[in-house]
Amino acid sequence: MNIAYRFRIYPTEEQKILLGKTFGCCRFLYNQMLNDKIREYKKTKKLLKNTPAMYKKEYSFLKEVDSLALANVQLHLEKAYKNFFRDPKVGFPRFKSKHHSKNSYTTNVVNGNILVEDKRIRLPKLKWISMKKHREPAENCCLKSVTVSMEPFGKYFASLLYEGYSCENQAADEDYSNAKILGIDYAMQGMAVFSEEIELEKAGFFRRNEKRLAREQRKLSRCVKESRNYVRQKKKVARCHEKIRNQRKDYLHKLSRRITDQYDIVAVEDIDMKAMGQCLHFGKSVQDNGYGMFRNMLDYKLAWKGKKLVKIDRFFPSSKKCSKCGKIKKELGLSERVYCCTCGNKMDRDRNAAINIREEARRMLAV
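This structure is a prediction, so every number in the text was calculated from the model and none was measured. (Residues numbered from 1 in each chain as written. Predicted model: local features only at pLDDT ≥ 70, side-chain atom pairs only at ≥ 80, totals over all residues. Heavy atoms only, no water.)

Caption draft 1: View of the pattern of salt bridges. A full pass over the atoms with the stated rule returns 18 salt bridges. As a salt-bridge pair, E78 and K37 come within 3.2 Å of each other at their nearest N and O atoms. Linking E78 in helix α2 (residues 67–86) with K37 in helix α1 (residues 13–44), this pair joins segments that are 41 residues apart in sequence. For E78, a relative accessible area of 22% corresponds to the partly exposed category. Among the ionic contacts, a cluster of salt bridges with common partners joins R6, E151 and R245. (Salt bridge = Lys/Arg side-chain N within 4 Å of Asp/Glu carboxyl O. Helix = DSSP H or I, 4+ residues; strand = E, 2+ residues; numbered from the N terminus. Buried < 20%, exposed > 50% of the residue type's maximum accessible area, 1.4 Å probe, protein only.)

Caption draft 2: Geometry of the sheet that holds strand β10 (residues 265–269). Taken in spatial order, the four strands of this open sheet run β9-β8-β10-β11, and their pairing is mixed. In the strand order of this sheet, the two ends are held by β9 (191–194) and β11 (308–312), each with one partner. Averaged over neighbouring strand pairs, the angle between their axes works out to 30° when direction is ignored. Two strands pair when backbone bridges link them, and strand β8 (residues 181–187) and β10 are joined in this way by four bridges, in the parallel orientation. Its bridge partner being in β10, I184 is matched across the sheet by V268. Relative to β9, helix α4 (residues 228–262) is tilted by about 20°, and along the sheet it contacts β8, β9 and β10. Across the sheet, helix α7 (residues 291–304) is in contact with β8, β9, β10 and β11; its angle to β10 comes to roughly 150°. (Pairing = 2+ DSSP bridges. Axes fitted to C-alpha atoms, helices over the stretch in contact; angles between N-to-C directions. Contact = heavy atoms within 4.5 Å.)

Caption draft 3: Fine view of a positive patch on the surface. A contiguous patch of positive charge on the surface is contributed by R212, R215, R218, K219, R222, R228, R232, K235, K236, R239 and K243. Broken down by secondary-structure element, the contributors of at least two residues to the positive patch are α3 (205–222) and α4. Per-element tally for the positive patch: the top contributor is α4, with six residues. Structurally, R212 is set in helix α3. (Patch = residues over 30% accessible without salt bridge, like charges linked within 9 Å, V, L, I, M, F, W, Y side chains within 5 Å. Areas by Shrake-Rupley, 256 points an atom, 1.4 Å probe, with all protein chains shown as cover. Lys, Arg positive; Asp, Glu negative; His and termini not counted. Charge placed at Lys NZ, Arg CZ, Asp CG, Glu CD.)

All we've got here are geometric facts, nothing functional implied.
This is how it looks when you write it as structure tokens:
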């Protein structure tokens, strides 16, 4: 499997100018190719097969940047088209905006054009760039590609994609009878509730920094657009968002690593987080919890360890079912936070659901 490492890079002023040109050329080429595809389809009802080489004669500035970065633009556009025809719900490819799109490009390793050392990396057209390499890649991995990106607050990062990462193998017979299984139920307060006692730190990082972020955004709204104060204040707002994002990621990485080390199998509900954020005005709380990100972290970290993530059907009555006698309540309101059963079971509603998710995963693995 593939594994990516993200390191911060420190380009010089000349390299920053070339990086800016590369971001702009990739965005321009994507929009131009998409526009030509749309026009051709309206005229002939056929899909145009255009390449970056077709545009270099007319737009000579495209020759100044990495050709592999432009080739990846074509691949990304073709993938967006395939995703749309595979599932129209994904949406038709949209034009990239100069002010709102992410500044990034991807280049591939060809004939040793990319080299990585302890404190620097060599990229096509850019030569050597200082890099903070805080960890070593896994052994016996081969560098495949590098994605260079610039964050809104002005920092540059290089994401190095390696292929050939070997996961720890599971037992051949896959005997789950003695496996340690953890059930996780989504909760609005605290992100999740577990079937066993696990110590959690207080999350809700957006709520904690909300007042400071609102203050900086008010200052930004009073600035004249595109002025020096506006650009300076915009970076301050971006730094606030960066801090919130880094706090959330750090918390979720540590929690997912701790769970991965302690348990063999983790069971979660296959709920639609996008739909959850659109109902009952829960959008801000759902995004602040980062439960979808947490689930993805568990998925790949368990795979690295040769362990398993089991997804339970979203229509499984985990909240309505009693974890002791198995009786299912026909009606259970959202306001009822304590589950009470006729058998005498009285416990927290989310803890009861987490236990049911764990037992359902055990039953599925046994089958």
